[in-house]
Amino acid sequence: MALHFAKRITEYRLAKDLFTRGKDIILSPEAQVMKEFTQHGETTVFEHCIAVAKFSLLIAYFLERTLKIEVNKDSLVRGALLHDYFLYDWHVKGSAQGLHGFTHPRVAKENADRDFGLNDIERDIIAKHMFPLTPFLPMYRESVIVSLADKWCALAETFKIDVSSYIIYRVNFRIALANGDYSIDYGETLAEA
Ligand SMILES: [Fe+2]
Ligand SMILES: [Fe+2]
């Protein structure tokens, strides 16, 4: 039970960190459009990007605590949230420019730069996240982290391992707070803890 509680606290802090760094993107009408498109299995592109940002942060915490490697977590979160900001349904034939797997990093980067304005690290994260399928070497450690997190989340979503629902719950909770909606019942969370 104690372990379960510790996990919940970790998840809560993680969601808070994610939301603090990425709320401008998460709450924007532009990013909300990603909810309309399916990514893997039943996961929307929005949910996938939140999950990738979450796992990228987890990897960053690990690197910072154990190996004392510093990570730019603001750019890490922004790049992860926008890494699949290609804005079309890739399951529909003809919607991608060429082969989706190869072309969507460039499309996502151009869309994200247009709508949110990116720095060099964020541009690199998005453009290189499909490495090694696309043969462009990631130039920053943040790009390597997001690329690894993306592959793990894609596997988890395809094989229906539930890694994102909890973070989605927490992020939605923060969104509700930001919107002034305090009528959330989290008694279930307390009971389980
Ligand atoms: Fe992608
Ligand atoms: Fe992805």
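How each quantity is defined
- Residue numbering note: each chain is counted from 1, following its sequence as written.
- Labels are handed out in written order, letters beginning with A for the chains and numbers beginning with 1 for the ligands.
- Confidence filtering applies because this is a predicted model: local features only for residues at pLDDT of at least 70, side-chain atom pairs given and counted only at 80 or more, and all residues used for totals across whole chains, interfaces and linings.
- Under the DSSP-based scheme used, a helix requires at least four consecutive residues in state H or I and a strand at least two consecutive residues in state E, with every element numbered from the N terminus.
- This entry defines residue contacts through backbone-placed C-beta atoms, with two residues in contact when those atoms are within 7 Å.
- Here, a nonpolar core means buried Ala, Val, Leu, Ile, Met, Phe, Trp, Tyr and Cys residues linked by C-beta atoms lying within 7 Å of one another.
- Any residue with 12 or fewer other C-beta atoms within 10 Å of its own C-beta is exposed, any with 20 or more is buried, and the rest are partly exposed; the C-beta atoms used are placed from the backbone.
- All axes here are fitted lines through C-alpha atoms, helices being fitted over the stretch that makes contact, and every angle between N-to-C directions spans 0 to 180 degrees.
- Small angles under 35 degrees read as roughly parallel and large ones over 145 as roughly antiparallel, with 65 to 115 read as roughly perpendicular and the rest as oblique.
- Two helices that cross are described as forming a left-handed crossing if the nearer one is turned anticlockwise from the farther one by less than a right angle, and a right-handed crossing if clockwise.
- Classes in brief: Ala, Val, Leu, Ile, Met, Phe, Trp, Tyr, Cys and Pro nonpolar; Asp, Glu, Lys and Arg charged; the others, Gly included, polar.

**Student:** Got a minute to help me understand the overall build of the protein chain in this structure?
**Tutor:** If you tally the helices and strands in the protein chain, you get 9 helices and 0 strands. Listing the helices and strands of the protein chain from first to last along the sequence gives α-α-α-α-α-α-α-α-α. If you take every contact in the protein chain between residues at least 6 apart in sequence, the share linking residues at least 24 apart comes to 65%.

**Student:** Can you help me understand the nonpolar core in this one?
**Tutor:** Soluble globular proteins: nonpolar side chains tend toward being buried together. Within the largest apolar cluster, 35 residues are counted, with the highest numbers of intra-cluster contacts made by Cys49, Val52, Ala53, Ala80 and Leu81. For this core, the elements supplying multiple residues, two or more each, are helix 1 (2–26), helix 3 (45–67), helix 4 (73–82), helix 5 (100–116), helix 6 (120–128) and helix 7 (141–158). Looking at which element gives the most residues to this core, the answer is helix 3, with 10 residues. Setting aside anything within four residues of it in sequence, one finds Ala53 in contact with Leu18, Gly22, Val77, Ala80 and Leu81.

**Student:** I'm lost on helix 6 in this one. Help?
**Tutor:** Since the α-helix turns once every 3.6 residues, residues separated by three or four places project in the same direction. Burial runs high along helix 6: 7 of the 9 residues are buried. Buried residues in helix 6 make contact with helix 4, helix 5 and helix 7.

**Student:** What should I look at first to understand the packing of helix 3 against helix 4 in this one?
**Tutor:** Interhelical geometry of helix 3 versus helix 4 gives an angle of 155° and a closest axis separation of 8 Å. Our classification of the angle between helix 3 and helix 4 gives roughly antiparallel. Where helix 3 crosses over helix 4, the two elements pack in a sense that is right-handed. Residues Cys49, Val52, Ala53, Ser56, Leu57 and Ala60 of helix 3 form the contact with helix 4, whose own contacting residues are Lys73, Leu76, Val77, Ala80 and Leu81. Each residue belonging to the contact of helix 3 with helix 4 can be placed in one class, and the counts come to 9 nonpolar, 1 polar and 1 charged.

That's the geometry; what it means functionally is another story.
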